[in-house]
Structures are given as C-alpha cells and as structure tokens.
Amino acid sequence: METETKTRRPQSIDTKALLSRYVDKVSRSVVVKEVLIVEGERGPVIWNIVEAPPLDVEAADPVVDALTSVFSESPLDFLFDFSVLNISEYPTAEEAYQFVPRRAKSIWRRNE
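The shown structure was predicted, so the numbers you read here are calculated from the model rather than taken from an experiment. Within every chain, residues take consecutive numbers counted from 1 along the sequence as written. Local features in a predicted model are, by the rule used here, given only for residues with pLDDT of at least 70; side-chain atom pairs are given and counted only at 80 or more, and totals for whole chains, interfaces and linings are based on all residues. For side-chain calculations, the full set of non-hydrogen atoms in the structure is used, while hydrogens and water are omitted.

It is worth spelling out the pairing of strand S3 (residues 81-86) at this point. The buried fraction of S3 amounts to six of the six residues, a majority that puts the element mostly inside the structure. Where burial is concerned, the two faces of S3 agree: the one with Asp81, Ser83 and Leu85 and the one with Phe82, Val84 and Asn86 are both buried. By definition, two strands form a pair when at least two bridges between them are found by DSSP. Helix and strand labels come from DSSP, where a helix needs a run of H or I of at least four residues and a strand needs a run of E of at least two; each type is numbered from the N terminus. Strand direction decides the pairing type here: strand S2 (residues 43-50) and S3, joined by six bridges, are parallel. Bridge pairing links Asn48 to Val84 in S3. Categorising residues by exposure relies on relative accessible area from a 1.4 Å probe, with only protein chains included: less than 20% of the type maximum marks a residue as buried, more than 50% marks it as exposed, and the intermediate range marks it as partly exposed.

Structure representation (structure tokens):
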C-alpha cells in the first residue's frame, strides 16, 4: 500500500525537528517497523515500513495520523512525499525493501 501527499515548504523550516516529532509519534504504533528518508529536490520522501495483515486498508492510519498531527502543528508549510510499504504483502521482507530507493537512510527502526 503506497500513499503520497504534498504541501509547500519554505527554506526556513527545521526539517530535522519536524521529522523527529514525526518519528516520536509514529513509533508508538506497533505496526510501524521502520522509517526511512530520501532527500528529494523539493523535500524529503518519508518511507514508512509497516507490518500488518496483507491488503489492510487501515495499515496506513497510524502513519497518516502522525503526519497530520505533526505537520499541521507547524506554522510553516512543508513539502514532502510519503509512502507506506506493508512488508506482509510480499513473500519476504527483502522483496518488499526492493521498492525502497537505495539511497534511503533509516531514521528509526523498531528493535525486536
């Protein structure tokens, strides 16, 4: 399941602080296993790796809720894309991760 959204971002926004607040919120959901980021030309792409029942349309809810909460609190607009990748929808996690860009950097991972 992949979802994307965009808003505008001025140059003066503290991206690291927003991402830190986002990770703090999204990491509370047990379905979220990892958050990765890829810096794009117009802003970051946030990759959210979840493990939920295959084709669970609600699997992205914790991600969307955290994004909405954090980025709506910001007084400035913020340009970003995000994707939700449910590893349960693939035969192996390795196959699922093939869709994540190679240059993606993990900014949080659940220790299990």
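For residues that are not glycine, phi is negative in most cases, and the peptide bond is trans in most cases. With phi around 60 degrees, Leu55 is a residue other than glycine that occupies positive phi space. By the element assignment, Leu55 lies in the loop between S2 and helix H2 (61-73). Note on Leu55: relative accessible area 69%, which makes it exposed.

With that out of the way, let us pick up H2. Helix length check: H2, at 13 residues, gives a terminal C-alpha distance of 18 Å against a target of 18 Å (1.5 Å per residue), a fit within 8%. For H2, every residue scored as buried is listed here: Val63, Ala66, Leu67, Val70 and Phe71. One side of H2 holds all its buried residues, which, seen down the axis, span an arc of 105 degrees. The exposed set on the far side of H2, more than 90 degrees from its buried face, consists of Asp65 and Ser72. Here a residue-residue contact requires only that any non-hydrogen atoms of the pair lie within 4.5 Å. Next to the buried residues of H2 lie helix H1 (15-26), strand S1 (32-40), S2 and S3. How far a helix is expected to stretch is found by multiplying one less than its residue total by 1.5 Å. Arc definition: directions from the helix axis to the C-beta atoms.

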